[in-house]
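Analysis of the macromolecular model
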Amino acid sequence: MIAALLSALLLGLSVAAPIGPVNLAVIRTGLVRGPRAAWLVGLGAAVVDTGYLLLTYAGVAPLLLRVRWVAPLLALAGSLILVRMAWGALPGRGAPGECAPPAGWQGRVPAPSWTGSA
């Protein structure tokens, strides 16, 4: 019984929390700039996802189907963003200091506050 519950829990976590681009951005930011910055990146992603939800709920899909030039414009903009991201991912092509840690940061993540140590 316990084995089945643990198996179901692990399966649920593997489906619910895949490592995608947003999670990688949160992890990367957390390692470089600290946990507060990582939390802000996650919060920003949640706000944007909420905006997408509201736009979808408001009926953007019918707009995309009725106005012929909107969908190609969005496809072009998305393509340009992906090409820019790919260009920046090439070795030596990223912006210098793009992900630099804040001044005075020692490179260690503080212990969580619930452990009682800081």
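Residues numbered from 1 in each chain as written. Predicted model: local features only at pLDDT ≥ 70, side-chain atom pairs only at ≥ 80, totals over all residues. Heavy atoms only, no water.

With that settled, consider the overall build of the protein. Across its full length, the protein holds 5 helices and 0 strands. Reading the protein from its N terminus to its C terminus gives the helix and strand order α-α-α-α-α. For the protein, the proportion of its 118 residues judged to be buried stands at 5%. Taking the contacts inside the protein whose residues are at least 6 apart along the sequence as the reference set, 52% of them involve residues at least 24 apart. Working note: accessible area of the protein is about 9,900 Å², and carbon and sulfur atoms make up 73% of it. (Helix = DSSP H or I, 4+ residues; strand = E, 2+ residues; numbered from the N terminus. Buried < 20%, exposed > 50% of the residue type's maximum accessible area, 1.4 Å probe, protein only. Contact = heavy atoms within 4.5 Å. Areas by Shrake-Rupley, 256 points an atom, 1.4 Å probe, with all protein chains shown as cover.)

When pLDDT is averaged along the protein, the result is 79, and 76% of the positions lie at 70 or above. Ranking the helices and strands of the protein by mean pLDDT puts helix H3 (residues 35–58) first, with 90, and helix H4 (residues 60–66) last, with 79. (pLDDT = per-residue confidence, 0-100.)

This part is about H3. Here H3 contains 24 residues, and its C-alpha end-to-end distance of 35 Å stays within 8% of the 34 Å for a straight helix at 1.5 Å per residue. Following H3 by one or two positions, Gly59 has its phi on the positive side, about 105°. (Expected span 1.5 Å × (residues − 1).)

Now for the packing of helix H2 (residues 21–33) against H3. Interhelical geometry of H2 versus H3 gives an angle of 160° and a closest axis separation of 7 Å. By the angle between their axes, H2 is roughly antiparallel relative to H3. In terms of crossing hand, the pair formed by H2 and H3 is right-handed. In contact with Val22, Ala25, Val26, Thr29, Gly30 and Arg33 of H2, H3 contributes Pro35, Ala37, Ala38, Val41, Gly42 and Ala45. (Axes fitted to C-alpha atoms, helices over the stretch in contact; angles between N-to-C directions. Parallel < 35°, antiparallel > 145°, perpendicular 65-115°, else oblique. Left-handed = near helix turned anticlockwise from the far one by under 90°.)

Let us now look at a nonpolar patch on the surface. A cluster of nonpolar residues, Met1, Ile2, Leu5, Leu6, Leu9, Leu10 and Leu13, forms a patch on the protein surface that exposes about 810 Å² of accessible area. Of note, Leu6 is situated in helix H1 (residues 2–16). (Patch = residues over 30% accessible without salt bridge, like charges linked within 9 Å, V, L, I, M, F, W, Y side chains within 5 Å. Salt bridge = Lys/Arg side-chain N within 4 Å of Asp/Glu carboxyl O.)

Along the chain, Thr29 turns up in helix H2. Thr29 sits in the buried class, given a relative accessible area of 15%. Excluding residues that lie within four positions of it along the chain, Thr29 makes contacts with Gly34, Ala37, Ala38 and Val41.

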